[in-house]
Amino acid sequence: MNLINWFKFASPQSFYPLAGKMIPWFWALATVFGAAGLWLSFFVAPTDAQQGEGYRIIFVHVPASWLSMFIYLIMAAWAGLGLALNTRLSGMMAQSLAPTGALMALLSLWTGALWGKPMWGTWWVWDARLTSELILFFLYIGFIALQAAIDDPRRADKAGAILALVGVVNIPIIYFSVKWWNTLHQGSSVSLTKSPSMAQTMLWGMLLMALCFWMYSIAVALTRARAIILERERHTEWVKHAVE
Amino acid sequence: MKPRQKRIAIIVGGLASLGIAAALALNALDSNIALYITPTEIAAGKAPQGKAFRIGGMVKEGSIKRQELTVNFVLTDTAKDIAVSYTGILPDLFKEGKGAVVQGKLNPDGSFTASEVLAKHDENYMPPEAKAAIDQAQKK
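In this assembly, 34 residues from chain B lie in contact with 41 residues from chain A. Together chain B and chain A conceal approximately 3200 Å² of surface at their shared face, both sides included; 62% is due to carbon and sulfur atoms. If you look at where chain B meets chain A, you find 6 residue pairs in polar contact (both at pLDDT 80 or more). For the side of chain B that touches chain A, the elements supplying multiple residues, two or more each, are helix 1 (3-33), strand 6 (112-120) and helix 3 (128-139) of chain B. Tallying contributions element by element places helix 1 of chain B first for the side of chain B that touches chain A, with 10 residues.

Structure representation (structure tokens):
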């Protein structure tokens, strides 16, 4: 006995209004988490003993990096689902996540470079962590370009899905790169296996910012999904009624 | 098998074989992916000859000596040491007892002339008061 018929929402027609109802809630949550996170990270969190104020870049850098990896996993999962089950919505979801993922990867690389120059003494170094994150950014760009290059959306979804699935190999490489190899990038301050090696308020600021980025990503991806649904289903009756 | 199950099997099988292939490739590339080698590896003769490479280690306490713009210090991994000389500007986080990565060439006398010095930050973030408390506890 299923309380919710999930397959009902796998159809673009019923997903479209549902997404429309959810978007304002995710925006509201993003605003609340963002305001609390920014307040904590700028006014409450102490300066760092070694880095001074410059460490505050982690409040953007770490959430963006987490999200860039996590969004890729979700995107690949949707892509795989689409390949396996031939559902229309899966491809649209994967397509709607890619630009946000690319933005997160770019933010992560950019803020990292801004931090690296004063702290490490260099904008960029070809170590395993930085290089694999750059590859992640290229994978997003590649996915977007490949989908855009194929006119038939079903074929575009299939080609994109294969690229997305192949790229999944890169995610554990990014995450474990600092453990597996000598890198300039430091190890994780927060992980599932040990207690976080940072001050409490710093950690809370970072987690709230991560939640804010998370909610923002969902809101934007759903908005984009709605636009993609309208575009792809433009010949159907329900879309004609929906946009009237 | 239904077509759907077949597709799932192909996807799972493909991902698994791709993962194994990637693991093997990365394993084979291991030493080339490492950004730096350690003083112990140099002592064991693993340093590339006649070409620039990077060494990573801790800047030994009390080893930094400055002469105008040239800085001499000792890089250690607690087992082996290497003397490094560098002319130029050092990054903010370059300090005694902290990690650093230097790029340059090995001299015939076993010392190292660096063309670039990078500071390696650790994963610990704490306010100055907490840092002072830890330093004090370590001194006791």
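Still more ground to cover, so stick around.
Take the layout of surface pockets next. Residues and elements named next belong to chain A. Estimates place the volume of the largest pocket at around 610 Å³. Lining the largest pocket are 24 residues, with Phe15, Trp78, Leu89, Met93 and Leu222 sitting closest to its centre. Where the lining of the largest pocket is concerned, the elements lending two or more residues are helix 1 (6-9), helix 2 (12-44), helix 3 (58-85), helix 4 (88-119) and helix 8 (200-232). When residues of the lining of the largest pocket are assigned to their parent elements, the largest contribution, 7 residues, is made by helix 3.

Okay, the packing of aromatic side chains next. Across all of its chains, the model carries 13 aromatic pairs over all chains by this definition. Seen in terms of ring centroids, Trp180(A) and Trp181(A) are 5.7 Å apart; in terms of plane orientation they differ by 85 degrees. Their pairing is edge-to-face. A centroid spacing of 5.4 Å and a plane angle of 70 degrees characterise the contact between Phe53(B) and Phe112(B), whose relative ring orientation is edge-to-face. Linking Phe53(B) in strand 1 (residues 53-59) with Phe112(B) in strand 6, this pair joins segments that are 59 residues apart in sequence.

On to the nonpolar core. With 44 residues, the main nonpolar core has Ile58(A), Tyr72(A), Met75(A) and Tyr140(A) as its most contacted residues. Residue assignment for this core shows that the elements contributing at least two residues are helix 3, helix 4, helix 5 (128-149), helix 6 (153-167), helix 7 (170-180) and helix 8 of chain A. Excluding anything up to four places from it in sequence, Met75(A) contacts Ala94(A), Leu97(A), Ala98(A), Tyr140(A), Phe143(A) and Ala164(A). Of all hydrophobic cores here, the second largest spans 19 residues; its members include Ile37(B), Phe53(B), Val84(B) and Val102(B).

Residues and elements named next belong to chain A. Taken as a whole and assessed by the stated rule, the structure comprises 5 salt bridges over all chains. Measuring nitrogen to oxygen at the nearest pair gives 3.0 Å for the salt bridge that ties Arg88 to Glu233. Placement of Arg88 in helix 4 and of Glu233 in the loop between helix 8 and helix 9 (237-242) is noted, with a sequence separation of 145 residues between them. In this structure Arg88 comes out as partly exposed when scored by relative accessible area, which is 39%. Here Arg232 ties to Asp157 by a salt bridge, and the two come within 2.9 Å at their closest N and O atoms. Placement of the pair is Arg232 in helix 8 and Asp157 in helix 6, with a sequence separation of 75 residues. Classification of Arg232 by relative accessible area gives partly exposed; the value is 22%. Residue Asp157 is classed as buried on the basis of its relative accessible area, which comes to 12%.

All names here are of chain A. In the structure shown here, the tally under the stated rule is 1 cavity of 30 Å³ or more. Quantified by volume, the largest cavity comes out at close to 550 Å³. His61, Val62, Ser65, Arg129 and His185 are, among the 29 residues lining the largest cavity, the residues nearest its centre. Elements that contribute at least two residues to the lining of the largest cavity include exactly helix 3, helix 4, helix 5 and helix 7. Partitioned by chemical class, the residues of the lining of the largest cavity number 18 nonpolar, 9 polar and 2 charged.

Calculation notes
- Residues numbered from 1 in each chain as written.
- Chains lettered and ligands numbered in written order.
- Predicted model: local features only at pLDDT ≥ 70, side-chain atom pairs only at ≥ 80, totals over all residues.
- Heavy atoms only, no water.
- Contact = heavy atoms within 4.5 Å.
- Buried area = accessible area lost by both parts, 1.4 Å probe.
- Polar contact = N/O pair within 3.5 Å; in protein donor to acceptor, adjacent residues only side chain to side chain.
- Helix = DSSP H or I, 4+ residues; strand = E, 2+ residues; numbered from the N terminus.
- 1 Å grid on protein atoms, 1.4 Å probe; cavity = no way out; pocket = protein on both sides within 12 Å on 5 of 7 lines; lining within 4 Å.
- Points joined across faces, edges and corners; volume = space filled by probe spheres on them.
- Phe/Tyr/Trp six-rings, centres within 6.5 Å; stacked < 30°, edge-to-face > 60°.
- Core = buried A, V, L, I, M, F, W, Y, C linked by side-chain atoms within 4.5 Å.
- Buried < 20%, exposed > 50% of the residue type's maximum accessible area, 1.4 Å probe, protein only.
- Salt bridge = Lys/Arg side-chain N within 4 Å of Asp/Glu carboxyl O.
- Nonpolar A, V, L, I, M, F, W, Y, C, P; charged D, E, K, R; others polar.

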